[in-house]
Amino acid sequence: AQSVTQLDSQVPVFEEAPVELRCNYSSSVSVYLFWYVQYPNQGLQLLLKYLSGSTLVKGINGFEAEFNKSQTSFHLRKPSVHISDTAEYFCAVTPSGAGSYQLTFGKGTKLSVIP
Amino acid sequence: EPEVTQTPSHQVTQMGQEVILRCVPISNHLYFYWYRQILGQKVEFLVSFYNNEISEKSEIFDDQFSVERPDGSNFTLKIRSTKLEDSAMYFCASRTSGSLYNEQFFGPGTRLTVL
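Remember, it's a predicted structure, so these values are computed and weren't measured experimentally.

1. Points about the interface of chain B and chain A
Next, step 1: The interface is formed by 22 residues belonging to chain B together with 22 residues belonging to chain A.
Next, step 2: Summing both partners gives a buried area of about 1,800 Å² for chain B against chain A, and 58% of it is carried by carbon and sulfur.
Next, step 3: Sorting the residues of chain B by area buried against chain A places K42, Y101 and F106 of chain B first, and these three jointly supply 36% of that buried surface.
Next, step 4: For the side of chain B that touches chain A, the secondary structure elements donating two or more residues are β4 (31-37), β5 (43-50), β6 (53-57) and β9 (88-95) of chain B.
Next, step 5: Per element, the largest residue contribution to the side of chain B that touches chain A is four residues, and it comes from β4 of chain B.
Next, step 6: Taken together, the residues that form the side of chain B that touches chain A break down as 10 nonpolar, eight polar and four charged.

Given below as structure tokens:
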């Protein structure tokens, strides 16, 4: 079984400041890792994913994340946030072997960008 | 751009009543999912569906729940006798099939309120 921990439930940050949203996972098997974003009254949208290869992955809207296997982490970063980045962000994992690829999510981090 | 749609956006029901939540996955997708998110908690996997049968289900998905693909476009989640604790946001997702991972696309969700 897998589990995902997002330590910060809320992160306020000033506009144009950098931000890091933390994600740690636990799994007995290899996993794929994801960050999803949820804007108010909308569904979950994939920001970025790590399947294999380079541990630094870039996603949409200027976000990037780094996979650290030894620390079992997949932290999300953005060097300069905008008001439009205000949303809830979810880290998720799925076993990398063949299967239904069901996702296990963290509790989410609400990012509030302050003008 | 193709998207997953869900109806209704909000459903209010009395405890003990049956509800059916509807989803229209992306047309060429073959794998379908239901997830739920109780207010303030993490998004949880309920069930995955492929080739007209359940491929995986979680402990939450007990005998009160069922899924169906009644025609070529809809994918439904039925809760036979709703409980107060079924109040949650229910998300449908779909993806193309294949042994390699491909992205799950999420719908906007149905908010179920059980009174």
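Having seen it, we continue.
2. Structural notes on the environment of D85 of chain A
Residues and elements named next belong to chain A.
Next, step 1: Within the element layout of this structure, D85 appears in the loop between β9 (73-78) and β10 (87-95).
Next, step 2: Judged by its relative accessible area of 2%, D85 falls in the buried class.
Next, step 3: Residue contacts for D85: discarding those within four places in its chain leaves F63, K78, L111 and V113.
Next, step 4: Within the local environment of D85, its side chain forms a polar contact with the backbone nitrogen of H82, the two atoms lying 2.8 Å apart.

3. Concerning the sheet that holds strand β8 (residues 75-79) of chain B
All names here are of chain B.
Next, step 1: Overall, antiparallel pairing links the four strands, which are arranged β1-β3-β8-β7 in an open sheet. A strand with exactly one partner marks an edge of an open sheet, and here the two such strands are β1 (5-7) and β7 (65-68). Along the sheet, successive strands turn relative to each other by an average axial angle of 20°, direction set aside.
Next, step 2: As paired elements, β7 and β8 share four bridges and run antiparallel to each other. Looking across to β8, one finds that E68 is bridged to T76.

4. Thoughts on the pairing of β7 of chain B
On any regular strand, side chains alternate: one points to one face of the sheet, the next to the other face.
Next, step 1: Of the two faces of β7 of chain B, the one lined by F65 and V67 of chain B is fully buried and the one lined by S66 and E68 of chain B carries no buried residue.
Next, step 2: Counting the residues between successive antiparallel strands, the hairpin from β7 of chain B to β8 of chain B contains six residues.

5. Looking at the confidence of the model for chain A
Next, step 1: For chain A, mean pLDDT is 93; residues scoring 70 or higher make up 99% of the total.
Next, step 2: Across chain A, strand β3 (residues 19-21) of chain A holds the top mean pLDDT of 98, while strand β6 (residues 44-50) of chain A sits lowest at 93.

6. Here's the deal with the pairing of strand β5 (residues 31-38) of chain A
Residue and element names in this part refer to chain A.
Next, step 1: Among the eight residues of β5, eight are classified as buried, and the element is accordingly described as predominantly covered.
Next, step 2: Residues V31, L33, W35 and V37 line one face of β5 and the alternating positions Y32, F34, Y36 and Q38 line the opposite face, and both faces are buried.
Next, step 3: When β5 meets β10, the two strands line up antiparallel, connected through eight bridges. In the strand pairing of β10, V31 is matched with P95.
Next, step 4: Here β5 runs beside β6; their pairing, made up of six bridges, is antiparallel.

Procedures and definitions
- Residues numbered from 1 in each chain as written.
- Chains lettered and ligands numbered in written order.
- Predicted model: local features only at pLDDT ≥ 70, side-chain atom pairs only at ≥ 80, totals over all residues.
- Heavy atoms only, no water.
- Contact = heavy atoms within 4.5 Å.
- Buried area = accessible area lost by both parts, 1.4 Å probe.
- Helix = DSSP H or I, 4+ residues; strand = E, 2+ residues; numbered from the N terminus.
- Nonpolar A, V, L, I, M, F, W, Y, C, P; charged D, E, K, R; others polar.
- Buried < 20%, exposed > 50% of the residue type's maximum accessible area, 1.4 Å probe, protein only.
- Polar contact = N/O pair within 3.5 Å; in protein donor to acceptor, adjacent residues only side chain to side chain.
- Pairing = 2+ DSSP bridges.
- Axes fitted to C-alpha atoms, helices over the stretch in contact; angles between N-to-C directions.
- pLDDT = per-residue confidence, 0-100.

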